[in-house]
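Structural description and commentary
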Amino acid sequence: MRDFRIEPGLLAGSIYADLHANDIGLFEVLAGPDPWSVRRIADALSAPISTISSALDRLERLGLVKRCRIPDDRRVVRIELTARGRRLAIRLRDEHIENCRAMLARLGPEQREEFLRLAVQIAGK
């Protein structure tokens, strides 16, 4: 999903409408099973730490993410989705899948196969 993102502002009135472009990537990363720090998120998204911190501040104010200190090492701060954030991450993933299906449905079987082959090539997979 990270390779083919829909820009949030393109879909006014949709689940994406109130999110910033960086938010989509943040939700994708944080929805995974791994523990995340600001530095790990910045590395995963190839973004400056300041950009990630600002986005996390905003999402924390909205009650979508939380910062948690590790008891064994109080210097380490883990970033996690709240329950509300997890629900939104699932909705974002489902919406993204539906958007992709809708786009692919406009292509015939041969066109779809060619498009997917080219997308894999572009993504370097």
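Presented here is a report on the structure given in the accompanying data block. (Residues numbered from 1 in each chain as written. Predicted model: local features only at pLDDT ≥ 70, side-chain atom pairs only at ≥ 80, totals over all residues. Heavy atoms only, no water.)

**Things to note about the overall build of the protein chain**
In terms of helices and strands, the protein chain carries five helices and two strands. Counting from the amino terminus, the protein chain carries its helices and strands in the arrangement α-α-α-β-β-α-α. Taking all 125 residues of the protein chain together, the buried fraction comes to 30%. When the accessible surface of the protein chain is split by element, carbon and sulfur atoms take 52% of a total near 8,400 Å². (Helix = DSSP H or I, 4+ residues; strand = E, 2+ residues; numbered from the N terminus. Buried < 20%, exposed > 50% of the residue type's maximum accessible area, 1.4 Å probe, protein only. Areas by Shrake-Rupley, 256 points an atom, 1.4 Å probe, with all protein chains shown as cover.)

**Description of the nonpolar core**
Counting 22 residues, the largest nonpolar core has Leu26, Phe27, Leu30, Ile41, Ile52 and Leu56 as its most contacted members. Considering every element that reaches this core, the biggest residue donor is helix α1 (residues 21-30), with five residues. (Core = buried A, V, L, I, M, F, W, Y, C linked by side-chain atoms within 4.5 Å.)

**Focus on the packing of aromatic side chains**
Here the structure, examined in full by the defined rule, presents zero aromatic pairs. Sitting over the face of the ring of Trp36, Arg40 holds its NZ or CZ atom 4.1 Å from the ring centroid. (Phe/Tyr/Trp six-rings, centres within 6.5 Å; stacked < 30°, edge-to-face > 60°. Lys NZ or Arg CZ within 6 Å of the ring centre and 35° of its normal.)

**Some remarks on the environment of Leu62**
Structurally, Leu62 is set in the loop between α3 (49-61) and β1 (65-70). The spatial distance from the C-alpha of Leu62 to the C-alpha of Gly85 is 9.2 Å, given a sequence separation of 23 residues.

**Remarks on the pattern of salt bridges**
For the coordinates displayed, the defined rule picks out eight salt bridges. Residues Asp57 and Arg67 are paired through a salt bridge, measuring 2.9 Å at the closest nitrogen-oxygen approach. Of this pair, Asp57 sits in helix α3 while Arg67 sits in strand β1, and the two are 10 residues apart along the sequence. For Asp57, a relative accessible area of 33% gives the class partly exposed. Given the relative accessible area of 30%, Arg67 is considered partly exposed. (Salt bridge = Lys/Arg side-chain N within 4 Å of Asp/Glu carboxyl O.)

**Description of the packing of α1 against helix α2 (residues 38-45)**
To describe two helices that pack against each other, one gives the angle between their axes and the distance between the axes. At a minimum axis separation of 10 Å, α1 and α2 run at an interaxial angle of 115°. In this view, α1 runs roughly perpendicular relative to α2, as classed from their interaxial angle. Our pair here, α1 against α2, has a crossing hand that is right-handed. Facing Gly25, Leu26, Val29 and Leu30 of α1, the residues of α2 in contact are Ile41, Ala44 and Leu45. A class-by-class count of the residues in the contact of α1 with α2 yields six nonpolar, one polar and no charged. (Axes fitted to C-alpha atoms, helices over the stretch in contact; angles between N-to-C directions. Parallel < 35°, antiparallel > 145°, perpendicular 65-115°, else oblique. Left-handed = near helix turned anticlockwise from the far one by under 90°. Contact = heavy atoms within 4.5 Å. Nonpolar A, V, L, I, M, F, W, Y, C, P; charged D, E, K, R; others polar.)

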